[in-house]
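# Structural overview for review
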Amino acid sequence: MIFEITILDTTGRHLLRDAFLMESITTLIDFTSDVLRPWSESSVRKAYELSIRSEKDRHVFHRLDSLEAVMSFKNALYEHLVELTETPYWNI
């Protein structure tokens, strides 16, 4: 399934807009909930916004206080995607 990740800075400008493949919405939600758990949702009005959507709907929306948290999530996601592509399907 194709997903689109969008990250906006505190002024609403795009920092990242990219597409990636993942098996299913469930796989995406499981991964993102585990990775985003350490960072609480920002209550600050001007926060970094992270959203992930498919052609069906927006599945993840999270507001983060720091660029460090945004970059940590993005790096974890991309590392996970690389692991998925390197794992033979019969071992999944």
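Just so we're clear, the structure is a prediction, and the values are computed from it rather than from any experiment. Sequence order sets the numbering: in each chain, residues are counted from 1 along the sequence as written. Note on the predicted model: pLDDT of at least 70 is required for a residue's local features to be given, and 80 or more for side-chain atom pairs to be given and counted; whole-chain, interface and lining totals, by contrast, use all residues. Here the side-chain values reflect all heavy atoms present in the structure, with hydrogen atoms and water set aside.

### Some details on helix α2 (residues 67-86)
- Compared with the 28 Å implied by 1.5 Å per residue over 20 residues, the 29 Å span of α2 between its first and last C-alpha is a close match.
- Looking at α2, one finds that the buried residues are Ala69, Val70, Phe73, Lys74, Leu77, His80 and Leu81. Relative to the axis of α2, the buried residues are bounded by an arc of 135 degrees and lie together on one face. Among the exposed residues of α2, those oriented more than 90 degrees off its buried face are Glu68, Glu79 and Glu86.
- Residue contacts follow a heavy-atom distance rule, with two residues in contact if any of their heavy atoms lie within 4.5 Å. Strands here are runs of E lasting at least two residues and helices are runs of H or I lasting at least four, both read from the DSSP assignment and numbered beginning at the N terminus. Buried-residue contacts for α2 involve β1 (2-8), β2 (14-21), α1 (25-36), β3 (48-53) and β4 (58-64). A helix is expected to span 1.5 Å for every residue after the first. Buried, partly exposed and exposed residues are distinguished by accessible area as a fraction of the type maximum, computed with a 1.4 Å probe on protein chains only: under 20%, between the cut-offs, and over 50%, respectively. Note that the arc is computed from the directions linking the helix axis to the C-beta atoms.

### A few points about the nonpolar core
- Core analysis: the biggest nonpolar cluster contains 20 residues, and Ile5, Phe20, Met22, Leu28, Ile52, Phe73 and Leu77 have the highest contact counts within it.
- Listed by contribution, the elements that provide at least two residues to this core are β1, β2, α1, β3, β4 and α2.
- Among the elements that line this core, the one with the most residues is α2, at five residues.
- Those residues in contact with Met22, other than ones at most four positions away along the chain, are Met1, Phe3, Thr27, Leu28, Leu77, His80, Leu81 and Leu84. In this text, buried Ala, Val, Leu, Ile, Met, Phe, Trp, Tyr and Cys residues form a nonpolar core when linked through side-chain atoms within 4.5 Å.

### Quick word on the packing of aromatic side chains
- Pairing of aromatic rings covers Phe, Tyr and Trp, the last through its six-membered ring, and needs centres within 6.5 Å; plane angles under 30 degrees mean stacked, over 60 mean edge-to-face, and all others mean tilted. Overall, the coordinates contain two aromatic pairs when judged by the stated rule.
- Relative to Phe20, the ring of Phe3 lies with its centre 5.7 Å away and its plane at 25 degrees, an arrangement referred to as stacked. Taken together, the residues Phe3 in strand β1 and Phe20 in strand β2 connect sequence positions 17 residues apart. Like Phe3, the residue Phe20 is buried in the burial classification.

### Some remarks on a nonpolar patch on the surface
- A cluster of nonpolar side chains, namely Leu15, Leu67 and Met71, defines an oily patch on the protein surface of about 250 Å² accessible area.
- Inspection of the secondary structure assignment puts Met71 in helix α2.
- On the accessibility criterion, Met71 (35% relative accessible area) is partly exposed. Like-charged residues within 9 Å of one another, or nonpolar side chains (Val, Leu, Ile, Met, Phe, Trp, Tyr) within 5 Å, are grouped into patches, provided each residue has over 30% relative accessible area and no salt bridge. Areas reported as accessible are Shrake-Rupley estimates using a 1.4 Å probe. Residue values count occlusion only from the protein chains shown. A side-chain nitrogen of Lys or Arg and a carboxyl oxygen of Asp or Glu constitute a salt bridge if their distance falls within 4 Å.

### Regarding α1
- Its 12 residues place the ends of α1 16 Å apart at the C-alpha level, agreeing with the 16 Å of an ideal helix rising 1.5 Å per residue.
- Looking at the buried side of α1, the elements it contacts are β1, β2, β3, β4 and α2.

### As for the pattern of salt bridges
- In this structure the tally under the stated criterion is three salt bridges.
- In this structure, Arg17 engages Glu4 in a salt bridge whose closest nitrogen and oxygen atoms are separated by 3.3 Å. One end of the pair, Arg17, is in strand β2; the other, Glu4, is in strand β1, with 13 residues separating them in the sequence.
- Under the relative-accessibility criterion, Arg17 is labelled exposed at 56%.

### A short note on the confidence of the model for the protein chain
- As a per-residue quantity, pLDDT reports the predictor's confidence and falls between 0 and 100. Mean pLDDT over the protein chain works out to 84, with 87% of the residues at or above the 70 mark.
- By mean pLDDT, the top-scoring element of the protein chain is β1 (93), and the lowest-scoring one is α1 (84).

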